[in-house]
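# Survey of secondary and tertiary structure
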Amino acid sequence: MNLSSPTEEDYLGIYSIMFWTLTLIGVVKYVGIALNADDHGEGGTFAMYSLLCRHADIGILPSKRVYSEEEALLHDQTTLARRPSKLGKFFERSITARRVLLFMAILGMCMLIGDGILTPAISVLSAIDGLRGPFPSVSRPVVEAMSAAILIGLFLLQKYGTSKVSFLFSPIMAAWTFTTPIIGIYSIFHYYPGIFKAISPHYIVRFFLRNKKEGWQLLGGTVLCITGAEAMFADLGHFSKKAIQIAFLSSIYPSLVLTYAGQTAYLINNVNDFSDGFYKFVPRPVYWPMFVIATLAAIVASQSLISATFSVIKQSVVLDYFPRVKVVHTSKQKEGEVYSPEINYILMVLCVGVILGFGGGKEIGNAFGVVVIMVMLITTIMLTLVMIIIWRTPPYLVGLYAVPFVIMEGSYVSAVFTKIPEGGWLPFAVSMILALIMFVWYYGRQKKTEYEMVNKVTLERLGELLAMPEVQRVPGMCFFYSNIQDGLTPILGHYIKNMSSLHTVTIFVTLRYLLVSKVDERERVLVKSLGPEGVYHCTIQYGYADNLSLRGGEDLVAQVTRCLERHIKLSTDRQSPVSTEQEVANLEAARLAGVVHVRGKMRFYVGDDAGCFDKVMLHFYEFLHGICRSALPALGMPLQQRVEIGMLYKV
């Protein structure tokens, strides 16, 4: 389509495309279906991935064990529902299919993070660009500088948490969703009262028949009408499903339909005045109030994507798929409300860089369109798998959902791919860098896990080490952290041989991250005796949406000691040579004598005989491991009680 001379029929066709995109993707797909595919209140592609992993053995993450609460839930279902579907069995048999599924989940997360970079940039830049209407003398660099300043201020406020400023969000969004449709209604009656005839899909058919290839390329611009739908799904941890559904159906959807109708009505009467579709259709008397409301609404929209980015980064960190960064819970009431200082400042630099580097809004819009529709297509595919494998939806209903949405979103994807040279490359670059970091981190962690499993210390070997005459049991309580579940870390043998001692009470602690959003408090800390006197194992279980701080502000030592005392008193198969009362007294005496937290730090020694792939990957992993945070500070360990034991592992 030649945009230099659009016609009334063209505008009616474009509005029809936008109306049905909003209705089908926004209402039917997200509000009607996707919001029901939550994982214990958490949304997004990784939540759906974890849901699939728990209902079929298709995960390749280390912590893919089915959570006991989910097992109980499955036992209540019918035999048919518990039996894996044919598609589930296919994924279980094919490692390639499972890797593709994991790659899709990771790519969806990476694209959403790219969305978190582009949304603040395009939203604020578009709003501030309204200054150039009344004041044509305001140059583009001034608009960019003001937009960058607003974004820097927004990112600097993130450390205070969303809840501290969220009381402003409701009135701002209420003002936005109330005023824009009123202006839309005014424009409809003033310029083109018959605009709603465009709801008929035949206008879409006529649009494509008339414009052919140019009409198809224009889809890359119309996809922007549905931006934010995926963030709405990813932000499910911040709001309830019912609240999102009510807000979207009662205010957001009708507001957008009327606003776009009003803009289209204006453009039909001013067919060549399409350079700034929003501010041009705002009547002069209310221009400045609308400028203020639009700017504030852009900031709120930016905040929602920034919050969603923090959420998916936290999910990745907890599942050990991303280098550990500091994650702060900014609300005691909402566990899903998190903030990461490192990620916050990286996002800030990237957002400002996008505004200053791209300059024009068109290039950012092209990049934005690529991100939005790619995430939506991934969600459609994963949602189809959820319907088949978990919900056991009848095939004809699955087809009724999947076929139209794959065709529609596939058409959008094919159109936005033509925009890759014109700015669309940016989200791909960001996503590929993030995916590379995730893959390298996972590869390095798997290499370490494989080494630990091959060289783990068995209970028999531990008994032999403790029986050596030079090894002494010294007073105190030692928490020894390990990554493996079955057996003891090789660093233990390294530690005992070099220190010639072990504390009278030694507790081997494993942090187990489960593919669920939250773990019940009763199953958070699991303890057992290992056989040798004073030696125990403790597993601390977390879901990806859990707060790492323990219940009621209680520290780890107090909670584990309490769990051990209960375990000792209730144990029916005691093997300890001392009485229950004596074992409990020994536990308390060791705690009073002093506590130390020992963490093994296994490093790779990449020899000359290592393969080129391993050399590159493991050197990169060691770099990431060196700059990331320790897992211990997340559990609130006092610095003076921490000890690190180093060990080299030759690859």
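Treat the numbers as computed from the prediction; the structure is a model and nothing was measured.

## Remarks on helix α16 (residues 395–416)
- With 22 residues, α16 should reach 32 Å at 1.5 Å per residue; the first-to-last C-alpha distance of 31 Å fits that figure.
- For α16, the complete set of buried residues consists of V398, Y401, A402, F405, M408, E409, Y412, V413, A415 and V416.

## Focus on the packing of helix α6 (residues 95–128) against helix α13 (residues 287–318)
- Packing of α6 against α13 brings their axes to within 8 Å, and their N-to-C directions diverge by 165°. Here α13 runs roughly antiparallel to α6, going by the angle between their axes. Between α6 and α13 the crossing geometry is left-handed.
- Residue classes in the contact of α6 with α13 are distributed as 16 nonpolar, 8 polar and 1 charged.

## Examining the pairing of strand β6 (residues 535–542)
- Among the 8 residues of β6, 8 are classified as buried, and the element is accordingly described as predominantly covered.
- When strand β4 (residues 501–513) meets β6, the two strands line up parallel, connected through 8 bridges. Of the residues in β6, the one forming a bridge with V509 is C538.
- Bridging between strand β5 (residues 525–529) and β6 involves 5 bridges; their strand directions are antiparallel. Looking at the pairing, K528 lines up with H537 of β6.
- The hairpin formed by β5 and β6 contains 5 residues between the paired strands, and G531 there has a positive phi angle of roughly 120°.

## Examining the packing of α6 against helix α7 (residues 140–156)
- Close contact between α6 and α7 brings their axes to 9 Å; oriented N to C, the two are set at 125°. With respect to their mutual orientation, α6 and α7 come out oblique. Once α6 is placed against α7, the crossing between them reads as right-handed. Along its contact with α6, which presents P120, A121, V124, L125 and I128, the element α7 presents R140, V143, E144, M146, S147, I150 and L151.
- When its residues are assigned to classes, the contact of α6 with α7 shows 9 nonpolar, 1 polar and 2 charged.

## Here we look at the sheet that holds β4
- Reading across from one edge, β5-β6-β4-β3-β7-β8 is the order of the 6 strands in this open sheet, with mixed pairing throughout. Because the sheet does not close on itself, it has two edges, and the strands there are β5 and β8 (642–650). Each strand axis lies, on average, 25° off the axis of its neighbour in the sheet, ignoring direction.
- Where helix α17 (residues 425–454) meets the sheet, its contacts fall on β7 (595–605) and β8, and the angle it forms with β7 comes to roughly 105°.

Rules and cut-offs
Residues numbered from 1 in each chain as written. Predicted model: local features only at pLDDT ≥ 70, side-chain atom pairs only at ≥ 80, totals over all residues. Heavy atoms only, no water. Helix = DSSP H or I, 4+ residues; strand = E, 2+ residues; numbered from the N terminus. Expected span 1.5 Å × (residues − 1). Buried < 20%, exposed > 50% of the residue type's maximum accessible area, 1.4 Å probe, protein only. Axes fitted to C-alpha atoms, helices over the stretch in contact; angles between N-to-C directions. Parallel < 35°, antiparallel > 145°, perpendicular 65-115°, else oblique. Left-handed = near helix turned anticlockwise from the far one by under 90°. Nonpolar A, V, L, I, M, F, W, Y, C, P; charged D, E, K, R; others polar. Pairing = 2+ DSSP bridges. Contact = heavy atoms within 4.5 Å.

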